[in-house]
Amino acid sequence: MRLIFTYFSFFICFLVTDIYSMSPRFYAMGNVSFPMSSYTGDYDISFQGNPATLGYAKTKVKFLQPQFSVGGAVVDNISVFQDLTNNSHTKNEQIDLIRGLVGSKFFYSGSINPGVSFVTKGFGVAYSFNSEISAHFHDSPMNVYLDGEGVMTSIPSLGFAQTFPVLGRDISVGVSAKYLSEIHFYDKTSHADGIRFSLSDILSVINIEEKAYNFNNYTMSGIGFDIGFLSPFHLFSSGSGQFGVVVKDLGMTLKGERFFVDSNNVSHLVSRSREVPITSSVGVSYVWRNQLKYSTSFRLIGPTLIAMEWQYLTDNGPFQKNIHGGVEQAILNEKIFLRGGINQGFIVGGFGLDLSIGWFRLMRLNYAAYTQELGEKLGDDYHDFHSLDVSILF
């Protein structure tokens, strides 16, 4: 772990959710990004998922809510990472341990979502950060090497929403604008995105040796827009639901420049651009408020939340990969939340803990264990992830 964190920990402290990063609460419910209910108080930050939520928001300020996720072979190899940093090992023993990691992929993301946010009915502003790192150990006739990729994103966003009475319901329509800035790392020699560490580089990092590394970074940025719609509905007297549609990243093209050194060792400034694919989502959620009480002031079983969503990206694969759904059950006076769902056909789950006294919140914690398909088709390149976020006092 030290190997991966050494070069990026400084940046993570200052630039650590991109526009797609979500709370473990959503991951544990099948990676549902659709704004799901008001009873859990998530309208204050969810306008980044659907700006129409601002039509129902209450005035609130939030800041510095960290979230961390690890995936791939990270958890399975914690003992190996510990052994690698054990000063009692010789370099040959460290090399043997590194060879045992060949073929393994590792993923890490750290975010603050929000870094800061202010919302009130009809209006919201937020600033969020995310840092993502991936690494893959390879073997070659020459030796072991590590290919790593890193990207850091920051995004300020501004949203507006208005409710309209339609057939006795307050329909909300919202729009938000966001500025996305990405910092990418690349190799100054090969000019390819990502960084390659030789075996010698890896050993230098592990043993904290001074060494110069041949990589640089460049920035790409652009402006995009989200448009959303939400409509409440009621099926039974003991419950309420929402139906919504959101289209994200309209008109967003990221542009930037980076240096290229040709075979004559002449440096050139090259322009780069990337169109961010448009994401469309249709979702529905329902809260069943039937409760089981131990006494008038203590509820053993609280509200049950059910949510489903279909997401469509302009460049992704089969229909079943875009289906997400989950359930959340509140228990013990709504202090503990049990969650489960299906994400891209994989079973996921997690829990939440809310420690508060009246209106004063001491701590909120959310954990999720989930599987994510990173390839074009299901089964191509799936990995297990663990995600945790903690907020204290806010």
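The structure this text deals with has already been given above.
*Asks:* I keep staring at the packing of aromatic side chains and nothing clicks. Help me out?
*Replies:* Each aromatic ring pair is specified by the distance between its two centres and by the angle formed by the two planes. The full count for this structure, using the stated rule, is 10 aromatic pairs. Their ring planes at 55° and their centres at 5.5 Å tell us that F123 and F160 sit as a pair that is tilted. Of the two residues, F123 sits in strand β4 (residues 123-139) while F160 sits in strand β5 (residues 144-166), which places them 37 residues apart along the sequence. Residue F123 is classed as partly exposed on the basis of its relative accessible area of 26%. F160 gets classed as partly exposed once you look at its relative accessible area, which sits at 43%. Measuring from centroid to centroid gives 4.7 Å for Y127 and F129, while their planes differ by 70°, and the two rings are edge-to-face. Linked through ring pairs, Y27, F107, Y370 and F385 together constitute an aromatic cluster. Its end group placed over the ring of F26, R25 keeps NZ or CZ at 5.7 Å from the ring centre. One residue, R258, lies across the ring of Y186, its end atom 4.5 Å from the ring centre.

*Asks:* Any chance you could explain helix α4 (residues 91-99) here in plain terms?
*Replies:* Every α-helix winds through 3.6 residues per turn, so residues three or four apart in the chain are directed the same way. Taken as a whole, α4 has its buried residues at Q94, I95 and I98. For α4, the angular spread of buried residues about the axis comes to 105°, placing them on one side. Summarising the geometry of α4, the exposed residues directed more than 90 degrees from the buried face are N92 and D96. Buried residues along α4 sit against α3 (78-84), β4, β5 and α5 (199-206).

*Asks:* How do you make sense of the nonpolar core when you look at a structure like this?
*Replies:* One recurring pattern in soluble globular proteins: nonpolar side chains tend to sit buried together. With 22 residues, the main nonpolar core has L84, I98, L101, F106, F137 and I202 as its most contacted residues. Here this core gets 4 residues from one element, more than from any other, and that element is α5. Membership of the second largest hydrophobic core comes to 8 residues, among which are I155, Y186, Y218 and L254.

*Asks:* Please clarify how the environment of R274 should be interpreted in this entry.
*Replies:* Its place among the elements puts R274 in strand β11 (residues 267-275). What makes R274 partly exposed here is its relative accessible area of 35%. Considering only alpha carbons, one finds R274 and T253, 21 residues apart in sequence, at a separation of 5.7 Å. Not counting residues within four places of it along the chain, the set of residues in contact with R274 comprises E182, H184, M220, M252, T253 and L254. A polar contact of 2.5 Å, which involves the side chain of R274, links it to the side chain of E182.

*Asks:* Hey, could you run me through a nonpolar patch on the surface in this one?
*Replies:* Nonpolar side chains collect at one region of the surface, where V61, F63, L64, V116, F118, V125, Y127, L158, F160, V175 and I227 lie side by side and expose about 880 Å² of accessible area between them. Elements supplying a minimum of two residues to the nonpolar patch: β1 (60-63), β3 (105-120), β4 and β5. Relative to the elements of secondary structure, I227 occurs in strand β8 (residues 215-233).

*Asks:* Got a minute to help me understand the environment of V245 in this structure?
*Replies:* Tracing the sequence through the fold places V245 in strand β9 (residues 239-250). Along the backbone, V245 and A52 are 193 residues apart, and their C-alpha atoms lie at a distance of 9.2 Å. Once residues lying within four places of it in the same chain are set aside, the contact partners of V245 are N50, I227, G228, F229, S281 and V282.

*Asks:* I keep staring at the pairing of strand β10 (residues 253-261) and nothing clicks. Help me out?
*Replies:* Every regular strand shows the same layout, with side chains that alternate between the two sheet faces. Here β8 runs beside β10; their pairing, made up of 2 bridges, is antiparallel. Note that in β10 the partner of M220 across the bridge is G256. Where β10 lies against β11, 9 bridges are found, and the strand directions are antiparallel. Looking across to β11, one finds that F259 is bridged to L269.

*Asks:* What is the right way to look at unusual backbone geometry in this model?
*Replies:* Keep in mind that most residues, glycine aside, have a negative phi and that most peptide bonds are trans. We note that N31 has phi near 65°; this positive angle belongs to a residue other than glycine. Along the chain, the position of N31 falls in the loop between α2 (24-28) and β1. The backbone of E334 sits at a positive phi, close to 60°, despite the residue not being glycine. Considering the arrangement of structural elements, one finds E334 in the loop between β15 (323-331) and β16 (336-343). Accessibility expressed as a relative area gives 21% for E334, which makes it partly exposed.

*Asks:* Just to check I follow, could you spell out the pattern of salt bridges for this structure?
*Replies:* Oppositely charged side chains may form a pair once their charged atoms are brought near each other. Evaluation of the coordinates by the stated rule reveals 11 salt bridges. Here K178 makes a salt bridge to D249, at a shortest N to O gap of 2.8 Å. Of the two residues, K178 is situated in strand β6 (residues 169-187) and D249 in strand β9; the sequence distance between them amounts to 71 residues. Ionic pairing is found between R364 and D354, a salt bridge with its closest N-O pair at 3.6 Å. In this pair, R364 is assigned in strand β18 (residues 360-373) and D354 in strand β17 (residues 346-357), connecting sequence segments 10 residues apart. Taking the relative accessible area as the measure of exposure, R364 reaches 18% and is therefore buried.

Thresholds applied
The residue count restarts for each chain, going from 1 along the sequence in the order it is written. In keeping with the model being predicted, local features are shown solely for residues with a pLDDT of at least 70 and side-chain atom pairs are shown and tallied solely at 80 or more, while totals for entire chains, interfaces and linings include all residues. Side-chain calculation: all heavy atoms of the structure are included, whereas hydrogens and water are not. Note on ring pairs: Phe, Tyr and Trp rings are taken, using the six-membered ring of Trp, and paired if centres are within 6.5 Å. Classes follow the plane angle, with under 30 degrees stacked, over 60 edge-to-face and the rest tilted. Strands here are runs of E lasting at least two residues and helices are runs of H or I lasting at least four, both read from the DSSP assignment and numbered beginning at the N terminus. The cut-offs for exposure are 20% and 50% of the maximum accessible area for each residue type, with area from a 1.4 Å probe on protein chains only; residues under the lower value are buried, those over the upper are exposed, and the others partly exposed. Any Lys NZ or Arg CZ found within 6 Å of a ring centre and within 35 degrees of that ring's normal is scored as a charge over the ring. Directions drawn from the helix axis to the C-beta atoms are what define this arc. The contact criterion used is simple: two residues touch if any of their non-hydrogen atoms lie within 4.5 Å. As used in this record, nonpolar core signifies buried Ala, Val, Leu, Ile, Met, Phe, Trp, Tyr and Cys residues forming a set joined through side-chain atoms within 4.5 Å. Throughout this description, a polar contact denotes any pair of N or O atoms lying within 3.5 Å of each other; where both atoms belong to protein, one of them has to be capable of donating a hydrogen while the other can accept it, and for residues adjacent in sequence the pair is counted only when both atoms sit in side chains. Each patch is built from residues lacking any salt bridge and having more than 30% relative accessible area; the joining distance is 9 Å for like charges and 5 Å for nonpolar side chains (Val, Leu, Ile, Met, Phe, Trp, Tyr). Calculation of accessible area relied on Shrake-Rupley with a 1.4 Å probe; when residues are assessed, cover is drawn exclusively from the protein chains displayed. Salt bridge, as used here: a side-chain nitrogen of Lys or Arg that lies within 4 Å of a carboxyl oxygen of Asp or Glu. Here a strand pair is declared whenever DSSP counts at least two bridges between the two strands.

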